[in-house]
Amino acid sequence: MRKYKVSRYAVLNALKILSQDGIVAQLPGRTWVFQPLLDSPKAIDESLAFRLELEPQAIRTPGFSVNSKKAGLLRERTNEMLETREGRITARGFMTVDTEFHNFIAEGSANRFIRGSLLTHLRLRQTTQKDFSVPDFRLRQSLREHLEILDNLERNLFEVAADLMVLHLRRSGIGRPDAVSRAIPPLMRNPRS
């Protein structure tokens, strides 16, 4: 309040919003602390490891539910994006559809702790993720992977969907330099890259 010369209400409201997004947490008393953020390559690697553990598990949890209406809307938005001309998928548009897909997975989990952890983590990703540069072919590949996972969820093939989620997340974790060099034979790649 002193530093920014604002009212207690404004500060508490800001802290409440930051808390809902998983950026800060309240400790006993009046103390607030920042939560781990996706602010370094190590944090991003840890985020991916977290997702690799929990997102497939969310699908495998007995009682996973597929909201048919949401699945249909998600499929429609994904197909619309795939129909855009090459090079026309925006980072913001992709991130919106991607977040909706991963929220759909989290919300389907019958385990409230997995669901809550994933939803909190997705809000953190959404809040801290900046625009990024990913090749158009990878964005389209990712969207097709979403559709394949959806297909299997709607057929109640949860094990297959969970396995496809692992592949999807692993592909998403491949860095741009690695993605660029995939077409180069291994012997011709620079060993230090």
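Residues numbered from 1 in each chain as written. Predicted model: local features only at pLDDT ≥ 70, side-chain atom pairs only at ≥ 80, totals over all residues. Heavy atoms only, no water.

Chemist: Just checking my understanding: could you explain the nonpolar core for this structure?
Modeler: Across soluble globular proteins, nonpolar side chains have a tendency to be buried as a group. I59, I105, I149 and L153 are the most contacted members of the largest nonpolar core, which totals 32 residues. Mapped onto this core, the elements with two or more residues apiece are α2 (41-60), α3 (68-82), α4 (91-108), α5 (112-128), α6 (136-154) and α7 (158-172). The residues touching L153, leaving out its near neighbours within four places in the chain, are I59, F64, V66, F104, I105, F158 and A161. (Core = buried A, V, L, I, M, F, W, Y, C linked by side-chain atoms within 4.5 Å. Buried < 20%, exposed > 50% of the residue type's maximum accessible area, 1.4 Å probe, protein only. Helix = DSSP H or I, 4+ residues; strand = E, 2+ residues; numbered from the N terminus. Contact = heavy atoms within 4.5 Å.)

Chemist: Could you clarify how one ought to interpret α6 in this entry?
Modeler: In an α-helix, one turn spans 3.6 residues; hence positions three or four apart end up facing the same way. Over its 19 residues, α6 extends 27 Å from the first C-alpha to the last, a length consistent with the 27 Å expected when each residue adds 1.5 Å. The first or second residue beyond α6 is N156, which carries a positive phi of 60°. (Expected span 1.5 Å × (residues − 1).)

Chemist: Would you explain the packing of α2 against α5 in this entry?
Modeler: Working note: a packed helix pair is described by the angle between its axes plus the distance between those axes. Two elements in contact, α2 and α5, have axes separated by 10 Å at closest approach and are oriented at 140°. What the angle tells us is that α2 and α5 run oblique. α2 and α5 meet at a crossing whose hand is left-handed. Here S47, F50, R51, L54, E55, Q57 and A58 of α2 lie close against α5, whose contacting residues are I114, S117, L118, H121 and R125. (Axes fitted to C-alpha atoms, helices over the stretch in contact; angles between N-to-C directions. Parallel < 35°, antiparallel > 145°, perpendicular 65-115°, else oblique. Left-handed = near helix turned anticlockwise from the far one by under 90°.)

Chemist: Just to check I follow, could you spell out the side chain of N103 for this structure?
Modeler: You can see N103 is positioned in helix α4. Those residues within four positions of N103 in sequence are excluded, and the remaining contacts are L119 and L122.

Chemist: Is there a simple way to explain the confidence of the model for the protein chain in this structure?
Modeler: The predicted coordinates should not be examined in detail at positions where pLDDT is low. Averaged over all residues, the pLDDT of the protein chain is 84; the fraction at 70 or higher stands at 88%. Low confidence marks residues 176-193, where pLDDT is under 50. Its contacts with residues over four positions away, or in another chain, come to seven contacts. (pLDDT = per-residue confidence, 0-100.)

Chemist: How should the pattern of salt bridges be read in this particular structure?
Modeler: Here the idea is simple: oppositely charged side chains can pair when their charged atoms come close. In the structure shown here, the tally under the stated rule is twelve salt bridges. D151 is paired through a salt bridge with R75; the nearest N and O atoms lie 2.9 Å apart. Here D151 is found in helix α6, whereas its partner R75 is found in helix α3, with 76 residues between them in sequence. (Salt bridge = Lys/Arg side-chain N within 4 Å of Asp/Glu carboxyl O.)

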